[in-house]
Amino acid sequence: MGQMYSKESGKDQMLMTMERELTSGQKAGFFFLGFLGGVVGILAASLMNINAPYRPEGTKMAALGFATACVLGTLIALVGCVGSIALLGAR
């Protein structure tokens, strides 16, 4: 009986350790939350994990997603502007 108890406490210890760090799937989830949700996504990522030890990392991944969306949006806009200027100039 004592042996079984130590196995259980070992399992609990492992679960607690796992909860401190985000898995790659969770990181991707937070990234896309920020990517698609913008500032609201960052806020949601921060608030939904208010007491979790991995809260800063989740918020950071959401912020990274938002930054990526901003950079991609800017690049797409620039390519669109340059393309339309080239088309107008070609006439």
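Preceding this section is the structure that the text describes.
Calculation criteria
- Residues numbered from 1 in each chain as written.
- Predicted model: local features only at pLDDT ≥ 70, side-chain atom pairs only at ≥ 80, totals over all residues.
- Heavy atoms only, no water.
- Helix = DSSP H or I, 4+ residues; strand = E, 2+ residues; numbered from the N terminus.
- Buried < 20%, exposed > 50% of the residue type's maximum accessible area, 1.4 Å probe, protein only.
- Contact = heavy atoms within 4.5 Å.
- Areas by Shrake-Rupley, 256 points an atom, 1.4 Å probe, with all protein chains shown as cover.
- Polar contact = N/O pair within 3.5 Å; in protein donor to acceptor, adjacent residues only side chain to side chain.
- Patch = residues over 30% accessible without salt bridge, like charges linked within 9 Å, V, L, I, M, F, W, Y side chains within 5 Å.
- Salt bridge = Lys/Arg side-chain N within 4 Å of Asp/Glu carboxyl O.
- Core = buried A, V, L, I, M, F, W, Y, C linked by side-chain atoms within 4.5 Å.
- Phe/Tyr/Trp six-rings, centres within 6.5 Å; stacked < 30°, edge-to-face > 60°.

Helix and strand counts for the protein chain stand at 3 helices and 0 strands. Start at the N end of the protein chain and walk to the C end: the helices and strands fall as α-α-α. Here the protein chain holds 91 residues, and the buried ones make up 19% of them. Counting only contacts in the protein chain whose residues sit at least 6 apart along the sequence, the fraction spanning at least 24 positions is 62%. Here the protein chain has roughly 6900 Å² of accessible surface; of this, 71% comes from carbon and sulfur atoms.

Take the environment of Lys-27 next. Secondary-structure assignment places Lys-27 in helix H2 (residues 24-48). Residues Lys-27 and Gly-58, spaced 31 residues apart in sequence, show a C-alpha to C-alpha distance of 6.7 Å. Residues within four places of Lys-27 in sequence aside, it is in contact with Leu-22, Glu-57 and Met-61. Separated by 3.3 Å, the side chains of Lys-27 and Glu-57 make a polar contact.

Taken together, the side chains of Val-71, Leu-72, Leu-75, Ile-76 and Leu-78 present a nonpolar region at the surface, about 480 Å² in accessible area. Relative to the helices and strands, Leu-78 is located in helix H3 (residues 55-90).

This part covers the nonpolar core. Of all hydrophobic cores here, the largest spans 9 residues; its members are Leu-22, Phe-30, Phe-31, Ile-42, Ala-45, Ala-52, Tyr-54, Met-61 and Ala-62. Among the elements of the structure, H2 and H3 are those that each provide at least two residues to this core. Element by element, the count of residues in this core is highest for H2, at 4 residues.

Now for the packing of aromatic side chains. Applying the stated criterion across every chain, the model contains 3 aromatic pairs. Between the aromatic rings of Phe-31 and Phe-35, the centroid separation amounts to 6.1 Å while the plane-to-plane angle is 20°, which identifies the pairing as stacked. A residue pair is termed a helical-turn pair when its members lie 3 or 4 positions apart in one helix, as Phe-31 and Phe-35 do in helix H2 at 4 residues. Take Phe-31: its relative accessible area is 18%, and that puts it in the buried class. Taking the relative accessible area as the measure of exposure, Phe-35 reaches 26% and is therefore partly exposed. Residues Phe-32 and Phe-35 carry aromatic rings whose centres are separated by 6.1 Å and whose planes lie at 75° to one another, so their mutual orientation is edge-to-face. Residue Phe-32 and its partner Phe-35 are located together in helix H2, separated by 3 residues, close to a single helical turn. An aromatic cluster of at least three residues, connected via ring pairs, comprises Phe-31, Phe-32 and Phe-35.

Any functional reading would require information beyond the geometric quantities listed.
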